[in-house]
Amino acid sequence: DYLRNKMKSDKSVVAITAGTPALYGFTPDERKAYGRQFLDVGIAEQTAVAMASAIAKNGGKPVFNVYSSFIQRTYDQLSQDLCIDSNPATILVQTASVNGMTDVTHLGIFDIPMISNIPNLVYIAPTTKEDYFAVLDWSIEQNEHPVVIRMPGGALVSDGQAVTKDFSRLNTYEIKEKGAKVAVIGLGSFYPLGEQAAALIKEKTGVQPTLINPYYITGVDTDLLESLKADHDVVITLEDGVLDGGFGEKIARFYGTSEMKVLNCG
């Protein structure tokens, strides 16, 4: 519904799919009615990203919707066709989660190591429905960065809260609850697990942990992480993906020369 309204009001918005048009929820008749605003390139993610980059370069607002397990096919285009020039395309990564995986070729847990270290790429993991639509709206309208959005997996979280975060301030994490000694960083759809972990730690130890929603996968909030050194001993990271090369390792690397202990969970 969001994209329907966006495409009707702004003819420069183009929905792109690589042979999986049902991901958008548009009927065949709707897809035909949108004409040049809906592109199905067939099972060719490489073409989809190259096309999105070209459209963005020329002032359009492309939105490419793709499964986590299929984005591996287009690594070169992401790196060289899209990100070298920082063309402001929007890419939605679906089923990026341990939840809903079906077989060995559809494992949605490898996208973070795969794409979160490409220079100039901004990879963001919203937690709630409200987060998701806020970051999607920002991404489509901004013209500085190629943005990938890791759509929340698992149970839908909707808190009804208006989102005031300025997503253009890259790599700024949000402290949701200030505590001491222990910090819990819950990424994207695993943020609710972070809330549960923090509550359990407080119940078992009497210590109120600091609870953080990082949002950004591609960069670290060095100011916030540095500030934790003053009154924290342990940082715990949680992510809905494989640990090797994942988000948590960026945090562990930051603290590598300090006394901070880091526990990565994924």
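The next thing to look at is the overall build of the chain. The helix and strand inventory of the chain stands at 9 helices and 11 strands. Here the C-alpha atoms of the chain give a radius of gyration of 19 Å, agreeing with the 18 Å that 2.2 N^0.38 yields for 266 residues. With the C-alpha coordinates of the chain rotated into their principal frame, the extents come out at 60 × 35 × 35 Å. When each of the 266 residues of the chain is scored for burial, the buried share is 50%. Of the accessible surface of the chain, which amounts to about 12200 Å², a share of 51% is contributed by carbon and sulfur atoms.

Turning our eyes to something else, we now look at the side chain of Asp10. Here Asp10 is to be found in the loop between α1 (2–9) and β1 (13–17). For Asp10, a relative accessible area of 18% gives the class buried. For Asp10, the side chain forms a polar contact with the side chain of Ser12, separated by 2.6 Å. One polar contact links Asp10 to Lys61, side chain to side chain, over a distance of 2.7 Å.

Once that is clear, we can look at unusual backbone geometry. Phi at Ser86 is positive, roughly 55°, even though this residue is not glycine. Tracing the chain through its elements places Ser86 in the loop between α4 (75–83) and β4 (90–94). Residues other than glycine seldom take positive phi values, yet Asn120 does so here, at roughly 80°. Here Asn120 lies in the loop between α5 (111–115) and β5 (122–124).

Each regular strand displays side chains that alternate between the two surfaces of the sheet. Most of strand β8 (residues 181–186) is tucked away: 5 of the 6 residues are buried. Pairing of β8 with strand β10 (residues 232–238), which is carried by 6 bridges, proceeds in the parallel orientation. Residue Val182 lies in a different strand from β10, and its bridge partner there is Val234. Across 3 bridges, β8 lies against strand β9 (residues 210–213) in parallel orientation. Pairing of Val184 across the sheet is with Leu211, part of β9.

This part covers the nonpolar core. The biggest cluster of nonpolar side chains holds 40 residues, and the ones touching the most others in it are Ile91 and Leu228. Here this core takes 5 residues from helix α3 (residues 45–57), the largest share from any one element. Ranked by size, the runner-up nonpolar core spans 23 residues in total, among them Leu3, Val63, Leu92 and Leu136.

Before going further, it helps to spend a moment on the side chain of Glu239. Structurally, Glu239 can be placed in the loop between β10 and α9 (247–254). One buried charged side chain, Glu239, makes no salt bridge at all; its nearest oppositely charged neighbour is Arg150, positioned 7.0 Å away. Engagement of the side chain of Glu239 in a polar contact is seen with the backbone nitrogen of Gly248, the distance being 2.8 Å. Discounting chain neighbours no more than four positions away, the residues touching Glu239 are Ile112, Leu187, Phe190, Gly246, Phe247, Gly248, Cys265 and Gly266.

With that settled, consider the packing of aromatic side chains. All told, the structure shown has 11 aromatic pairs when counted by the stated rule. For the ring pair Tyr2 and Phe133, a centre distance of 5.6 Å and an interplane angle of 35° mean the geometry is tilted. Within this pair, whereas Tyr2 is found in helix α1, its partner Phe133 is found in helix α6 (residues 129–141), the two being separated by 131 residues in sequence. Judged by relative accessible area, Phe133 falls into the partly exposed class, the value being 33%. Consider the rings of Tyr24 and Phe26, whose centres lie 5.8 Å apart with planes at 10°: the pair is stacked. Accessibility assignment for this pair places Tyr24 and Phe26 in one class, buried. Following the ring pairs from residue to residue traces out a cluster consisting of Tyr24, Phe26, Tyr34 and Phe38. The residue whose ring lies beneath Arg73 is Phe70, and the NZ or CZ to ring-centre distance is 4.4 Å.

Cut-offs used in this document
Residues numbered from 1 in each chain as written. Predicted model: local features only at pLDDT ≥ 70, side-chain atom pairs only at ≥ 80, totals over all residues. Heavy atoms only, no water. Helix = DSSP H or I, 4+ residues; strand = E, 2+ residues; numbered from the N terminus. Rg over C-alpha atoms; globule rule 2.2 N^0.38 Å. Buried < 20%, exposed > 50% of the residue type's maximum accessible area, 1.4 Å probe, protein only. Areas by Shrake-Rupley, 256 points an atom, 1.4 Å probe, with all protein chains shown as cover. Polar contact = N/O pair within 3.5 Å; in protein donor to acceptor, adjacent residues only side chain to side chain. Pairing = 2+ DSSP bridges. Core = buried A, V, L, I, M, F, W, Y, C linked by side-chain atoms within 4.5 Å. Lys, Arg positive; Asp, Glu negative; His and termini not counted. Salt bridge = Lys/Arg side-chain N within 4 Å of Asp/Glu carboxyl O. Contact = heavy atoms within 4.5 Å. Phe/Tyr/Trp six-rings, centres within 6.5 Å; stacked < 30°, edge-to-face > 60°. Lys NZ or Arg CZ within 6 Å of the ring centre and 35° of its normal.

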